[in-house]
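# Descriptive analysis of the structure
So you can see what is in the structure, the chains are spelled out below.
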Amino acid sequence: MSPAATLAATAAGPGFLSPTGVEIAFVLVGLATLGAALVTVTTKQLVHAALWLVVALGGIAVEYLLLTAEFIAWVQVLIYVGSVVVLLLFGLMLTKAPIGRSPDADSGNRWVALAVAVAAAACLVWVVVDAFRTTWIDLDGPARGSTKVSGEFLFQHWVLPFEALSVLLLAALVGAIVLSRKSDPADAGDDKERQR
């Protein structure tokens, strides 16, 4: 290799086969997040599934931090880890869900669910790769994860899904409260005994 070619290769920066520390951390956190997500959907204990979901969503927030999208990372922590998972845990507690292993958590359609999940993942990867194949990020433009750019994008294009999600979460909370207020016949007998 000539000195000019070596100098040009050095000036170009690290290549594909020389990952940086951030890229290695990104892959390791991604593998840990994938593992937590797999445990979330395969465990038979509902409370453990909710707690592993916290780990998976926290891993996604770390991935956003590694991509220098700090605002999106903290929104992920506040909304998903802080609100959605807490709502799930409250729903589990209010509906008196079993703490241990739940026989209802396994329907016997494991292979059908796996086939549907693999097909959905393949379609999602294909759509994303096809949509962004010729898209290049302008590194000299405004930061993609900044508050200004993210806020403009969210409130221009994603207002309706956010509102629909808030209505859905409210309906889930009201449903959990209604289900928790239904009394068992045994509880009704205990209440009558207490009133006497």
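The text that follows walks through the structure, step by step, so that each part is easy to find. (Residues numbered from 1 in each chain as written. Predicted model: local features only at pLDDT ≥ 70, side-chain atom pairs only at ≥ 80, totals over all residues. Heavy atoms only, no water.)

### Some remarks on the overall build of the chain
- In terms of helices and strands, the chain carries eight helices and zero strands.
- Listed by position from the N terminus, the elements making up the chain come as α-α-α-α-α-α-α-α.
- By the burial criterion, 13% of the 196 residues in the chain qualify as buried.
- Within the chain, contacts between residues separated by at least 24 positions form 65% of all contacts whose residues are at least 6 apart in sequence.
- Carbon and sulfur atoms make up 72% of the accessible area of the chain, which totals about 15,100 Å². (Helix = DSSP H or I, 4+ residues; strand = E, 2+ residues; numbered from the N terminus. Buried < 20%, exposed > 50% of the residue type's maximum accessible area, 1.4 Å probe, protein only. Contact = heavy atoms within 4.5 Å. Areas by Shrake-Rupley, 256 points an atom, 1.4 Å probe, with all protein chains shown as cover.)

### Considerations on the environment of V81
- Assignment of secondary structure puts V81 in helix α4 (residues 70-94).
- Placed 23 residues apart in sequence, V81 and G58 show a C-alpha to C-alpha distance of 6.8 Å.
- The contact partners of V81, leaving out residues within four places of it in the chain, are V54, L57, G58, Q76 and V86.

### With respect to the packing of α4 against helix α7 (residues 159-181)
- For the pair α4 and α7, interaxial distance at closest approach is 8 Å and the crossing angle is 15°. By the criterion of interaxial angle, the relationship of α4 to α7 is roughly parallel. For α4 against α7, the interelement crossing comes out left-handed. Across the interface between the two elements, V84, L87, G91 and L94 of α4 pack against L169, L173, A176, I177 and S180 of α7.
- The residue inventory of the contact of α4 with α7, partitioned by class, reads seven nonpolar, two polar and no charged. (Axes fitted to C-alpha atoms, helices over the stretch in contact; angles between N-to-C directions. Parallel < 35°, antiparallel > 145°, perpendicular 65-115°, else oblique. Left-handed = near helix turned anticlockwise from the far one by under 90°. Nonpolar A, V, L, I, M, F, W, Y, C, P; charged D, E, K, R; others polar.)

### Some points on unusual backbone geometry
- Here the phi dihedral of T68 falls at roughly 60°; this positive angle occurs in a residue that is not glycine.
- On the secondary structure map, T68 appears in the loop between α3 (46-66) and α4.

### Topic: α3
- Its 21 residues give α3 an end-to-end C-alpha distance of 30 Å, which sits within 8% of 30 Å, the value for a rise of 1.5 Å per residue.
- The set of residues buried in α3 consists of A49, A50, A56, L57, G59, A61 and E63.
- Buried residues belonging to α3 abut α2 (21-42) and α4.
- Trailing α3 by a residue or two, T68 shows a phi angle of about 60°, which is positive. (Expected span 1.5 Å × (residues − 1).)

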